[in-house]
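Below are the chains, spelled out letter by letter.
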Amino acid sequence: MNANPVDDTGLRARKKRARADAIVDAAQRLVLAHGFDAVTVEAIAEAAGISPRTFFNYFESKDDAVLGQGSFDLDAGFRGEFVAGGPTGRLTADLEVLAAALLGAVAGSDPHAPARVLELMQAEPRLLAHHFAWFERHKNQVEDLFTERHACRPLPTDPATCTMVVFFLVRAALDDWDAGGRHGDVTEHLPAALAKIAAVVNA
């Protein structure tokens, strides 16, 4: 089993992840200090020690950088494993793995990032719409993965429904983490979120 379904192997990938984290950190610090409208891509790039051109190699917009919403690139090995019926062989557990990958693409490697994102969305409500738009853009990628899996190992329901469950898990985990005081890793709340779904289904 690939412990990290997001493609993050090798020195080059680690350096890329570190630079993306540095951009997010700079963007969030600047916006929290000065407000969203007062911060430019150029200011973020300067604070992160990169050029504005390099900034756009990592994020499509200032909004994405402030929210820490980069690309959601699944490791090719994991994709093949998932399509074949893995990584655990149990659909519910595999849904949890995908949900964790989505959370990782948003939070990066900084455990404090989700808390800052919530603070920023509260201060700048327009970022909330952008936050949900990022997830919407990636729904098709996840649904395609389920469609491929369904062709190899039939799912108990349609790929679109499986996809909605994954995104519900992400939202439920974030809500539980927020309600619990925003401590620890958001992904630690995924099992509880999955248990709640099971409780409703089995009631």
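Here the structure is a predicted model, which is why all the values come from computation and not from measurement.

Participant: What am I meant to see in the overall build of the chain here?
Facilitator: Counting its regular elements, the chain contains 10 helices and zero strands. Shown N-terminal to C-terminal, the secondary structure of the chain runs as helices and strands in the order α-α-α-α-α-α-α-α-α-α. Burial statistics for the chain: of 203 residues in total, 42% are counted as buried. Looking at the chain alone, contacts between residues at least 24 apart form 71% of all its contacts between residues at least 6 apart. Accessible surface for the chain amounts to roughly 10400 Å². Of this, 55% is attributable to carbon and sulfur atoms.

Participant: Would you mind going over the packing of aromatic side chains with me for this structure?
Facilitator: Each aromatic ring pair is characterised by the separation of its centres together with the angle its planes make. As enumerated under the stated definition, the model contains four aromatic pairs in all. Between Phe78 and Phe82 the ring centres are 5.9 Å apart and the planes differ by 40°, which places this aromatic pair in the tilted class. Placement of the pair is Phe78 and Phe82 together in helix 5 (residues 76-83), with a separation of four residues, close to one helical turn. The same class applies to Phe78 and to Phe82, which are both buried. Ring centres of Phe82 and Phe146 lie 5.4 Å apart, and the angle between their planes is 75°; on these two criteria the pair is classed as edge-to-face. One end of the pair, Phe82, is in helix 5; the other, Phe146, is in helix 8 (residues 126-152), and 64 residues separate them in sequence.

Participant: Honestly, the pattern of salt bridges in this entry has me stumped. Any pointers?
Facilitator: Pairing of side chains with opposite charge becomes possible as their charged atoms draw close. Here the structure, examined in full by the defined rule, presents seven salt bridges. A salt bridge links Arg126 to Asp37; the shortest N-O distance between them is 2.9 Å. With Arg126 in helix 8 and Asp37 in the loop between helix 1 (10-34) and helix 2 (41-48), this residue pair connects regions lying 89 residues apart in the sequence. Taking relative accessible area as the criterion, Arg126 reaches 43% and is therefore assigned partly exposed.

Participant: How do you make sense of helix 2 when you look at a structure like this?
Facilitator: Because an α-helix packs 3.6 residues into every turn, residues spaced three or four apart end up facing the same way. Along helix 2, the positions that sit buried rather than exposed are Val41, Ile44 and Ala45. Take helix 2 and look down its axis: the buried residues cluster within an arc of 100°, on one side only. Looking at the residues trailing helix 2, positive phi occurs at Gly49, about 75°.

Participant: For this particular structure, what's the right way to read the side chain of Asp63?
Facilitator: Considering the arrangement of structural elements, one finds Asp63 in helix 4 (residues 62-67). Comment: no salt bridge for buried Asp63; closest opposite-charge side chain is Lys62, at 6.3 Å. Once residues within four sequence positions are removed from consideration, Asp63 is found in contact with Phe36, Leu127 and His130.

So, how was this worked out
Residues numbered from 1 in each chain as written. Predicted model: local features only at pLDDT ≥ 70, side-chain atom pairs only at ≥ 80, totals over all residues. Heavy atoms only, no water. Helix = DSSP H or I, 4+ residues; strand = E, 2+ residues; numbered from the N terminus. Buried < 20%, exposed > 50% of the residue type's maximum accessible area, 1.4 Å probe, protein only. Contact = heavy atoms within 4.5 Å. Areas by Shrake-Rupley, 256 points an atom, 1.4 Å probe, with all protein chains shown as cover. Phe/Tyr/Trp six-rings, centres within 6.5 Å; stacked < 30°, edge-to-face > 60°. Salt bridge = Lys/Arg side-chain N within 4 Å of Asp/Glu carboxyl O. Arc of directions from axis to C-beta. Lys, Arg positive; Asp, Glu negative; His and termini not counted.

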